[in-house]
Amino acid sequence: MADEDISLLYTVNLNDGHVIELDNTTENFRVVGDSGGNRASGIAVDAGRGLAYVASQDSQDVRTLEIASGEVVHVAQTNEAQLNVAVDTEKGLIYSTGFGGNHVFVGDAANGEQFGSIAVGSAPNDVIVADGYAWAVDRAATGPDGESSLWRIICTDATIDPEPEPEPEPEPEPEPEVPATPAVTVTGDTTLGGTVTLEGVGFTHPDGTGSAVAVKIDRGTIRKPDGSTDVWKVIEAEDDGSFTVDLTLPDGTTGAAGSTPALATGEHVLNFLSGSLKPGDTGRSVPVTIDVAAAPEPEPEPEPEVTLTFAGVKAQRYATTNWVGVSVAGVEDGAGQVTLTGVGAAQTATVEHGRAAFRVPADLAPGAYTARFTLTTEGADPVVLAKAFTVYKGKTIVGNSLTTTPTPTRAGNFLVGTAFEGNGRVSVARPTGQVVVRLYTSTGRGVWYSGVKVLSDGTVRMQLPALPRGTYRANIAYGGGSLALGAAQDRTIVVR
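Computed from a prediction, not measured in an experiment: that's the story for all the values here.

Caption draft 1: Looking closely at the overall build of the chain. Across its full length, the chain carries 0 helices and 37 strands. For 496 residues, the compact-globule estimate of 2.2 N^0.38 gives 23 Å, and the chain exceeds it by more than 25% at 41 Å. If one aligns the C-alpha atoms of the chain with their principal axes, the spans along those axes are about 140 × 70 × 30 Å. Taken across its 496 residues, the chain has 38% of its residues classed as buried. Put simply, 50% of the contacts in the chain that link residues at least 6 apart link residues at least 24 apart. When the accessible area of the chain is evaluated, it comes to approximately 27,000 Å², of which 49% is carbon and sulfur surface. The averaged location of the 62 negative side-chain charges in the chain is 29 Å from the averaged location of its 33 positive side-chain charges.

This is how it looks when you write it as structure tokens:
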């Protein structure tokens with residue numbers, strides 16, 4: 001979804017069904033929401049409707065989400081594994097491929113509800129919308145000569161012939177028309193500078209056409225701003241003598257939108273005159289009194305509503321670091337600051353491009369936290385958003401080095417080391433805790449046990465016993481700790 005101001009890309013996570021919005025302009029992202037789909041593999045977006053459609057294989061459905069809120073508004077169950085989905089924004093249709101069956105399913109883009117399906121081969125794989133058609137690929141080699149086939153799907157509209165219209169009743173003979181008495185009704189905004197609607201009847205010319213009617217104010221004493229004329233409008237009535245026109249009243253000044261003299265508040269008379277503007281017309285003067293009030297003070301522009309919306313992940317492992325932040329609405333860039341507390345030391349960022357982002361430190365101990373985002377702007381109360389954040393124990397790896405290989409007459413030396421996995425491992429200390437080493441013969445018989453050894457700075461050295469010639473399997477097991485998960489590794493030792 002892109003224009004000259006934004007460039008957004010949407011994708012769906014096959015593992016957890018989350019819909020992700022990638023902002024190519026700011027190089028940030030946000031989690032739109034959890035579709036709930038199992039092995040969600042396809043996504044299509046209708047920007048005009050503000051909806052995303054997610055095709056899921058294992059849950060065999062097409063799910064419709066609101067992009068703004070991330071809420072799932074409809075789940076269309078198909079009973080076939082749905083691989084991909086496309087949307088025809090002009091026709092308001094969504095198409096999804098039942099790769100686990102032989103149908104392309106068709107739904108309503110406005111709400112995601114399914115209303116039909118089309119059989120295409122035996123394993124439709126992908127679908128797009130182009131040139132007014134839906135195009136589906138069948139990857140099951142059902143086409144000529146056993147090749148994959150391409151299906152074109154045409155949307156047509158069906159209509160029902162209407163019931164024949166009954167013969168019209170004969171119209172009665174018209175009553176002879178009686179000329180209406182000239183009258184004018186004034187409605188609308190009767191404030192200084194306001195616009196009123198003038199509706200008149202009975203202004204007919206003796207030749208059967210409409211009269212030409214001049215409009216004056218207070219019998220011509222209120223003139224145009226330059227004093228050139230006292231006629232504020234000339235109305236050409238319809239042949240039946242009626243008219244409906246708008247008139248803008250002077251604004252109470254002597255400027256371009258005013259009058260000479262300036263129109264004051266209070267009662268004034270609009271005079272509707274005919275006779276002199278059209279030869280042979282009937283002379284008339286119809287006065288209508290209006291009460292002119294002062295123009296109301298313009299209402300102040302409402303302050304934009306300031307809101308915070310969470311963006312980023314809600315959990316991480318020890319020794320990793322992730323981005324969290326908020327999308328900020330109603331605050332101009334640089335006009336507000338967001339402070340993050342509750343997940344390590346407080347951090348503050350200035351609102352830029354409608355966002356404020358932070359890195360959660362890698363050394364945050366495992367546990368449950370509350371990330372609290374506080375927006376402060378000049379002259380306004382703080383706005384606070386709190387979100388639960390969880391840190392799990394870090395993943396570890398075990399390594400070893402046989403510095404001296406044992407022989408039947410000589411002991412060996414063995415170095416065991418542990419380390420954290422994750423993008424923040426360089427900023428944390430190496431794992432602590434205990435390791436044990438066990439030796440087994442090639443037949444699986446245990447021959448030696450190291451006992452519990454305590455790591456120092458993530459490593460421990462130990463002595464292996466002298467061993468008979470042969471091939472041995474060493475199992476190194478790290479038991480984990482308060483910050484780390486356990487890990488294990490096997491290696492082969494050959495004694496000659």
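Caption draft 2: Quick look at the side chain of Thr97. Following the sequence through the fold, Thr97 ends up in strand β9 (residues 93-98). You can call Thr97 buried: its relative accessible area is 0%. Leave out the neighbours within four places in its chain, and Thr97 touches Ala81, Gln82, Leu83, Asn84, His103, Val104, Pro124, Asn125, Asp126 and Val127.

Caption draft 3: Local environment of the sheet that holds strand β3 (residues 28-34). Taken together, the 3 strands give an open sheet; going across it, the order is β1-β2-β3, and neighbouring strands pair in antiparallel fashion. A single partner strand is all that each edge strand has here, and the edge strands are β1 (8-12) and β3. Neighbour to neighbour, the strand axes of the sheet diverge by 25° on average, direction disregarded. For β1 and strand β2 (residues 18-23), the ladder comprises 5 bridges, and the chain directions are antiparallel. Pairing of Thr11 across the sheet is with Ile20, part of β2.

Caption draft 4: The arrangement of the pairing of strand β26 (residues 347-350) in detail. Bridge analysis of strand β25 (residues 336-341) against β26 gives 4 bridges, and the strand direction is antiparallel. By the bridge assignment, Gln337 is partnered in β26 with Thr350. Where β25 folds back onto β26 in an antiparallel hairpin, the turn is made up of 5 residues, including Gly342, whose phi is positive at roughly 95°.

Caption draft 5: Geometry of the environment of Val398. Looking at the secondary structure, you find Val398 in strand β30 (residues 396-404). Relative accessible area serves as the criterion here: at 9%, Val398 is assigned to the buried category. Taking C-alpha positions, Val398 is 6.2 Å from Gln489, a pair spaced 91 residues apart along the chain. The contact partners of Val398, leaving out residues within four places of it in the chain, are Val416, Gly417, Thr418, Ile476, Tyr478, Ala487, Ala488 and Gln489.

Caption draft 6: View of unusual backbone geometry. The omega angle of the peptide bond from Thr260 to Pro261 is -5°, so this bond is cis rather than trans. Checked against the element boundaries, Pro261 lands in the loop between β19 (243-248) and β20 (266-274). In the Ramachandran plot, Arg219 falls in the positive-phi region, its phi being about 55° despite a non-glycine side chain. Tracing the backbone shows Arg219 in the loop between β17 (212-217) and β18 (233-236). Positive phi, normally seen in glycine, also occurs at His353, with a value near 55°. Secondary-structure assignment places His353 in the loop between β26 and β27 (355-359).

Caption draft 7: Local environment of the environment of Leu483. Counting through the fold element by element, Leu483 comes out in the loop between β36 (470-478) and β37 (487-495). On the basis of relative accessibility, which here comes to 29%, the residue Leu483 falls in the partly exposed class. Taking the C-alpha atoms as reference points, Leu483 and Tyr392, 91 residues apart in sequence, are found 8.2 Å from one another.

Caption draft 8: Structural detail: the nonpolar core. Membership of the largest hydrophobic core comes to 26 residues, with the highest contact counts inside it found for Phe414, Val416 and Met462. Counting residues per element, this core draws most heavily on β36, which supplies 4 residues. Discounting chain neighbours no more than four positions away, the residues touching Met462 are Gly412, Asn413, Phe414, Val416, Val435, Val437, Trp448, Ser450 and Lys453. If you look at the next biggest cluster of nonpolar residues, it comprises 23 residues, including Leu198, Val215, Ile222 and Leu249.

Caption draft 9: Geometry of the pattern of salt bridges. Tallied over the entire structure, the rule returns 9 salt bridges. For Arg39, the salt bridge identified is with Asp58, shortest N-O distance 3.9 Å. A residue pair is termed long-range when its members are at least 10 positions apart, and Arg39 in the loop between β3 and β4 (40-46) and Asp58 in the loop between β5 (51-56) and β6 (61-66) qualify at 19 residues. Arg39 sits in the partly exposed class, given a relative accessible area of 33%. For Asp58, a relative accessible area of 47% gives the class partly exposed. Linking Arg473 and Asp490 is a salt bridge whose minimum nitrogen-to-oxygen distance equals 3.3 Å. Note that Arg473 is positioned in strand β36 and Asp490 in strand β37, a separation of 17 residues in sequence. Of the residues examined, Asp490 reaches a relative accessible area of 43% and is grouped as partly exposed.

Caption draft 10: Expanded view of the pairing of β2. In this antiparallel pair of consecutive strands, β1 and β2, the connection spans 5 residues, and Gly17 shows a positive phi of 80°. Across 6 bridges, β2 lies against β3 in antiparallel orientation. Opposite His18, over in β3, you have Asp34 as the bridge partner.

Here is what the cut-offs are and how they apply
Residues numbered from 1 in each chain as written. Predicted model: local features only at pLDDT ≥ 70, side-chain atom pairs only at ≥ 80, totals over all residues. Heavy atoms only, no water. Helix = DSSP H or I, 4+ residues; strand = E, 2+ residues; numbered from the N terminus. Rg over C-alpha atoms; globule rule 2.2 N^0.38 Å. Buried < 20%, exposed > 50% of the residue type's maximum accessible area, 1.4 Å probe, protein only. Contact = heavy atoms within 4.5 Å. Areas by Shrake-Rupley, 256 points an atom, 1.4 Å probe, with all protein chains shown as cover. Lys, Arg positive; Asp, Glu negative; His and termini not counted. Charge placed at Lys NZ, Arg CZ, Asp CG, Glu CD. Pairing = 2+ DSSP bridges. Axes fitted to C-alpha atoms, helices over the stretch in contact; angles between N-to-C directions. Core = buried A, V, L, I, M, F, W, Y, C linked by side-chain atoms within 4.5 Å. Salt bridge = Lys/Arg side-chain N within 4 Å of Asp/Glu carboxyl O.

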